[in-house]
Amino acid sequence: DGGITQSPKYLFRKEGQNVTLSCEQNLNHDAMYWYRQDPGQGLRLIYYSQIVNDFQKGDIAEGYSVSREKKESFPLTVTSAQKNPTAFYLCASSIRTSEYNEQFFGPGTRLTVL
Amino acid sequence: AQKITQTQPGMFVQEKEAVTLDCTYDTSDQSYGLFWYKQPSSGEMIFLIYQGSYDEQNATEGRYSLNFQKARKSANLVISASQLGDSAMYFCAMIMARGFQKLVFGTGTRLLVSP
């Protein structure tokens, strides 16, 4: 079945540690996105990538980094510079960004900093 | 800047009844798209319905319909014949035609469907 997978579902880290969240899609989509969701709030864009080897900062990129070496994969690293990393992280993809194509979302990763 | 406003933090409805979830948006652009997503307690975002700013008819997808009033800048979601499985968070989102197509989300409405 085609879709987006995110791993792990739950992630715990100690303060000061970097952690990488995985996002893989087999939908052959060009564009991929990372969102952060805090309780009682909507989603906010962290980073996005329109093609392989290219990515752009979203609204809240500070303390995060990404890579896009393969079309299928768009991992997100939460660095120790992120002041408040505890949140729910959602990865999404879409066919292209030139039209109003819906974004398909993965199941999310819940990150808790201890 | 684009903004989505959902003024209902929570809504209650009885099974089999219809419910309307409100969404207003703010943009100076003429070309944009509006989405509704459902987020169950498991966390994934499920696409429900889409309305383009130039679409003359209101979008419908099964039990979901979008009441699009362009002059009022509102895009309310109507769920007919509510089911227990409709209990979830519902998010309204907007996408712009110009530049990169970023989705801007509202803060969501929690819908509870009772038997």
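The sections below set out a description of the structure shown in this document. The numbering scheme is per chain: residues are counted from 1 as the chain's sequence reads. All chains are assigned letters beginning at A, and all ligands numbers beginning at 1, according to the order in which they are written. Residues qualify for local features only when their pLDDT is at least 70, as the model is predicted, and side-chain atom pairs are given and counted only at 80 or more; totals for whole chains, interfaces and linings, by contrast, use all residues. Where side-chain values are given, they derive from all heavy atoms of the structure, hydrogens and water being excluded.

Each helix is a run of DSSP H or I of at least 4 residues and each strand a run of E of at least 2, with the numbering of both proceeding from the N terminus. Along its length, chain B carries zero helices and 12 strands. Starting at the N terminus and walking to the C terminus, you meet the elements of chain B as β-β-β-β-β-β-β-β-β-β-β-β. By the compact-globule yardstick of 13 Å for 115 residues, chain B fits well, its C-alpha radius of gyration being 14 Å. Projecting the C-alpha coordinates of chain B onto the three principal axes gives extents of approximately 45 × 30 × 20 Å. Contacts in chain B between residues far apart in sequence, at least 24 positions, make up 54% of those at least 6 positions apart. As a reference, a globule follows 2.2 Å times the number of residues to the power 0.38, and the radius of gyration itself is taken over C-alpha atoms. In this analysis, two residues are considered to be in contact whenever any of their non-hydrogen atoms come within 4.5 Å of each other.

Below, the discussion takes up the sheet that holds strand E8 (residues 76–78) of chain A. All names here are of chain A. A pair of strands is treated as paired once DSSP finds two or more bridges between them. If you walk across this open sheet you meet the four strands as E1-E3-E8-E7, and the pairing is antiparallel. For this open sheet the edge positions go to strand E1 (4–7) and strand E7 (64–66), each flanked by a neighbour on one side alone. Strand-to-strand twist of the sheet, defined as the mean angle between neighbouring strand axes without regard to direction, takes the value 20 degrees. As paired elements, strand E3 (residues 19–25) and E8 share three bridges and run antiparallel to each other. Each bridged residue has a counterpart across the sheet, and for Val19 the counterpart in E8 is Val78. Orientation is described by lines fitted to C-alpha atoms, with helices fitted over the stretch in contact, and by angles between N-to-C directions that extend from 0 to 180 degrees.

Turning next to the interface of chain B and chain A. Taken together, the contact pairs 23 residues of chain B with 24 residues of chain A. Around 1800 Å² of area is buried between chain B and chain A when both sides are counted, 58% of it from carbon and sulfur atoms. By the criterion applied in these results, polar contacts are pairs of N or O atoms within 3.5 Å in which, for protein atoms, one can donate a hydrogen and the other can accept it, and in which residues neighboring in sequence qualify only through two side-chain atoms. Across the contact surface, chain B and chain A share two residue pairs in polar contact (both at pLDDT 80 or more). Listing elements by their share of the side of chain B that touches chain A, those giving two or more residues are strand E5 (32–39), strand E6 (46–52), strand E10 (88–96) and strand E11 (103–105) of chain B. As a working definition, buried area equals the accessible area (1.4 Å probe) given up by two parts on being put together, with both sides summed.

All names here are of chain A. The rule for a disulfide is simple: a pair of cysteine sulfur atoms within 2.5 Å. Inspection of the entire model under this criterion finds two disulfides over all chains. The disulfide bridge from Cys23 ends at Cys91, spanning 1.8 Å between sulfur atoms. The sign of the -70 degrees torsion about the S-S bond sets the Cys23-Cys91 disulfide as left-handed. Here Cys91 lies in strand E9 (residues 87–94) and Cys23 lies in strand E3, a separation of 68 residues in the sequence. Residue Cys23 is classed as buried on the basis of its relative accessible area of 0%. Each residue is placed in one exposure class: buried if its accessible area under a 1.4 Å probe, protein chains only, is under 20% of its type's maximum, exposed if it is over 50%, and partly exposed if it falls in between.

Let's shift gears to a nonpolar patch on the surface. A surface patch of nonpolar side chains, about 390 Å² in accessible area, is lined by Tyr10(A), Phe12(A) and Leu114(A). Of the residues examined, Phe12(A) reaches a relative accessible area of 54% and is grouped as exposed. Patches in this entry comprise residues that are over 30% relatively accessible and not in a salt bridge; like charges within 9 Å are linked, as are nonpolar side chains (Val, Leu, Ile, Met, Phe, Trp, Tyr) within 5 Å. All accessible-area figures derive from a Shrake-Rupley calculation using a 1.4 Å probe, and residue coverage is judged against the displayed protein chains alone. One side-chain nitrogen of Lys or Arg within 4 Å of one carboxyl oxygen of Asp or Glu is enough to make a salt bridge.

All names here are of chain A. Of note, Arg68 is situated in the loop between E7 and E8. Within the buried core, Arg68 has no salt-bridge partner, and the shortest N-O distance to an opposite charge, that of Asp30, equals 6.2 Å. One polar contact links the side chain of Arg68 to the main-chain carbonyl oxygen of Lys70, over a distance of 3.3 Å. Among the polar contacts made by the side chain of Arg68, one reaches the main-chain carbonyl oxygen of Lys71 at a distance of 2.8 Å. In this charge count, Lys and Arg are treated as positive and Asp and Glu as negative; neither His nor the chain ends contribute.

Structural measurements only, silent on function.
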